[in-house]
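A closer look at the structure
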Amino acid sequence: MSQSAHAMAGAAQKLRSPISEQDYRERYRYSIESPEAFWREEMQRLDWMRTPEKIINGHFGENHSRIKWFEDGVLNVSANCLDRHLERRGDKPAIIWEGDNPDHQRIITYRELHQQTGQFANMLKALGVGRGDTVTLYMPMIPEAAIAMLACARIGAVHSVVFGGFSPEALAGRISDCASRVVITSDISRRGGKQVPLKKNVDEALAIKGTDCVEHVLVVPCGEAPIDWQSRDIDACAMMKEQSATCDPEAMGAENPLFILYTSGSTGTPKGLMHTSGGYLLYAAMTHQQIFDLREDDVYWCAADVGWVTGHSYVVYGPLANGATTVMFEGVPSYPDYGRVGEVIDRHNITIFYTSPTAIRAMMRHGDHVMDSSRRDSLRLIGTVGEPINPQAWHFSHQIIGNGRCPIMDTWWQTETGGHMMAPLTDVDNVKPGATMRPFFGVRPALMDAEGQHIEGEGDGSLVIEGSWPGQARTIWGNHERFEETYFSTHPGTYFTGDGAHRDADGDYWITGRIDDVLNVSGHRMGTAEIESALVAHPAVAEAAVVGFPHDVKGQGIYAYITLMQGAESSEALATELNDVVRRDIGAIAKLDAIQWAPGLPKTRSGKIMRRILRKIAANEVDSLGDISTLSDPDVVEALIKERIQH
Ligand code: WT7
């Protein structure tokens, strides 16, 4: 059967959405009107060592916010993800691992995951790691990444996972910010047939100032080549084998930190957002089960890397807390070719597939036939996350990947929110492609205008959340002031998301994208300020301004305007050097798509760069520049338009 005939045949048996319109409305109303009762019921999803009496203790203020959930509750996250499943699900696959090489597979049952986590936890203990200590992970997508996370949780240590695509500089900054005593890594990571030298990057990072806190580096050997062992290094696989598998889970307070995850903001260095043990785990588990309509025999695949929050909440914690089978994929969707995603789905009979619009567009670009090597009959739900999904990508997911049968859950959320905040929670026929539509239970979104007034009914504005939910980050590690300032001072009494949104006449939400200086490149979040500070550190650069522009596959591309020092000459070689400094400070994910040599930058009379204008020029929307009369030197704009880079 051809793809289109296949899709049409399937269209007749369209599958139900996770929740009906009516059930959603009733439960949502209950969650908002009786939050204490609602969350008291929901918290029973977890196994508590001491059941919480205090449910909500929250308040968003301008200078002082209080966010506490289940504060007198005691639990252990790894026991919730492992021990409690052993009786019923001991032989059920917890992790199905698919290597970068399509011939490499591993299946780990709940019993095996429990044993290996116990051994890993005992190894950490033997190295002196305990409650409240921070551990940095810089790992490939292998089961040991999940095992290391769970092992930290088991002994009350706080993990900070750093995405393997970040440079040694970026890694060093994150290690020193949270003063990790131990780093866990591998010799290499395999992606698309190539190898990333993780261990070498760690060695380079530890040569950078501020990383003396590190006492040990645990290395999980993956490659064939000999490893360049340093005195602080330990072969994690060898040491694990000597450990007992029995490790009693530490009793942790609900509000005790579970992990730190660094993410970019509009200013300054990346922020280490701190998530908790109780509220976070409950929220990750609950959203995972309800938004994806999880069932006992599902095989669930979230294609995100554990280095991002999606990997934390929806590869590891949510699925394992729910006793689900979670697929971990080491590779990339394009290797050996773009048929890979469909082949992985068929090989493991995957039922729920969670991915990003950028991955969908990358497949789509190769035509509908990229899916010809697979049938994907097992699929019953597709989720997306990371950026607004454009209608073409939505239809490709629905018609081609999902054979016209599967509901599409476009989930809007953030590193800060811990779990899904909005999704199309309605009957399948009411779903609007491109809209995330409805708040999850207990979540109260609102729109604000530029004057800080609420927008009622249909309109566009700054998206805020009124009131706390259990999954939200509690602080920025080591800098609570910055937390208050970033999220609670813009519209006092609400959480500021940094996103813009449209609310339509039916009350449904459409996310329109960041309204601050944060870029979203292939679903990777990057601060323009970070890239600019890497650029201006180059001796030839006097000033740099970075903006995003619409990019067919990546969502946004990076466009840099560079003003050179007097006497410095622009050249291809210099452009390469500038890309190198960005790669060194941040990583290859921050590659500049366009560099424009700018004689000057448009500024207000008070000296503020007018990014709005730079964004318009980069996007080639020069007919709608808006008011430029307030510029100190309006001629600059003319010059920039003339020299615009085609991309
Ligand atoms: C930003 C958060 C949450 C996991 C992935 C990214 C954008 C995320 C959507 C969506 C429109 C989305 C927002 C948000 N975003 N999901 N479904 N529709 N935009 O996490 O790195 O913290 O980025 O991603 O702009 O603020 P993150």
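The model shown is predicted, which means the values in this text are computed figures rather than measured ones.

What follows deals with the overall build of the protein. Counting its secondary structure elements, the protein contains 20 helices and 32 strands. Rg of the C-alpha trace for the protein: 24 Å, near the compact-globule value of 26 Å for 647 residues, within the 12% margin. Overall, the protein is about 75 × 60 × 60 Å in size when its C-alpha atoms are taken along their principal axes. Across the 647 residues of the protein, 60% fall into the buried class. Restricting to contacts in the protein with at least 6 residues of sequence separation, those with at least 24 account for 71%. When the accessible surface of the protein is totalled, it reaches about 24,600 Å², and 49% of it is carbon and sulfur. Side-chain charges in the protein split into 61 positive and 85 negative, and the spacing between the mean points of these groups amounts to 2 Å.

Residues annotated in UniProt with the feature "domain: AMP-dependent synthetase/ligase" (unreviewed entry) correspond here to residues 83-468. Structurally, residues 83-468 is divided into 29% helix and 24% strand, and its ends, taken at the C-alpha atoms, are 30 Å apart.

What follows is about the site of the ligand. Not every one of the 18 residues close to the ligand is listed here, only the nearest: D410, T411, T415, D499 and R525. Side-chain polar atom of T415 to an oxygen atom of the ligand: 2.6 Å apart, as the coordinates give it. In the environment of the ligand, an oxygen atom lies 2.7 Å from a nitrogen or oxygen atom belonging to the side chain of R525. Burial of the ligand by the protein amounts to 95% of the accessible area it has alone, namely 550 Å².

Let's shift gears to the pairing of strand β16 (residues 299-302). Burial along β16 is two-sided: the face carrying V299 and W301 and the face carrying Y300 and C302 are both buried. Across three bridges, β16 lies against strand β17 (residues 325-329) in parallel orientation. In the sheet register, V299 faces β17, and the bridge partner there is T325.

Close approach of charged atoms allows side chains with opposite charge to pair. If you walk through the whole model with that rule in mind, you get 43 salt bridges. In this structure, E204 engages K200 in a salt bridge whose closest nitrogen and oxygen atoms are separated by 3.5 Å. Separated by four residues within a single helix, E204 and K200 lie in helix α9 (residues 198-205), roughly one turn from each other. For E204, a relative accessible area of 38% puts it in the partly exposed group. Overall, K200 belongs to the partly exposed group, its relative accessible area being 48%. What you see here is one network of salt bridges that share partners, running through E21, R25, K432, R438, D504, D506 and D508.

The rules we used
- Residues numbered from 1 in each chain as written.
- Predicted model: local features only at pLDDT ≥ 70, side-chain atom pairs only at ≥ 80, totals over all residues.
- Heavy atoms only, no water.
- Helix = DSSP H or I, 4+ residues; strand = E, 2+ residues; numbered from the N terminus.
- Rg over C-alpha atoms; globule rule 2.2 N^0.38 Å.
- Buried < 20%, exposed > 50% of the residue type's maximum accessible area, 1.4 Å probe, protein only.
- Contact = heavy atoms within 4.5 Å.
- Areas by Shrake-Rupley, 256 points an atom, 1.4 Å probe, with all protein chains shown as cover.
- Lys, Arg positive; Asp, Glu negative; His and termini not counted.
- Charge placed at Lys NZ, Arg CZ, Asp CG, Glu CD.
- UniProt positions renumbered as here; feature names shortened; annotations may be inferred.
- Near = heavy atom within 4 Å.
- Polar contact = N/O pair within 3.5 Å; in protein donor to acceptor, adjacent residues only side chain to side chain.
- Pairing = 2+ DSSP bridges.
- Salt bridge = Lys/Arg side-chain N within 4 Å of Asp/Glu carboxyl O.

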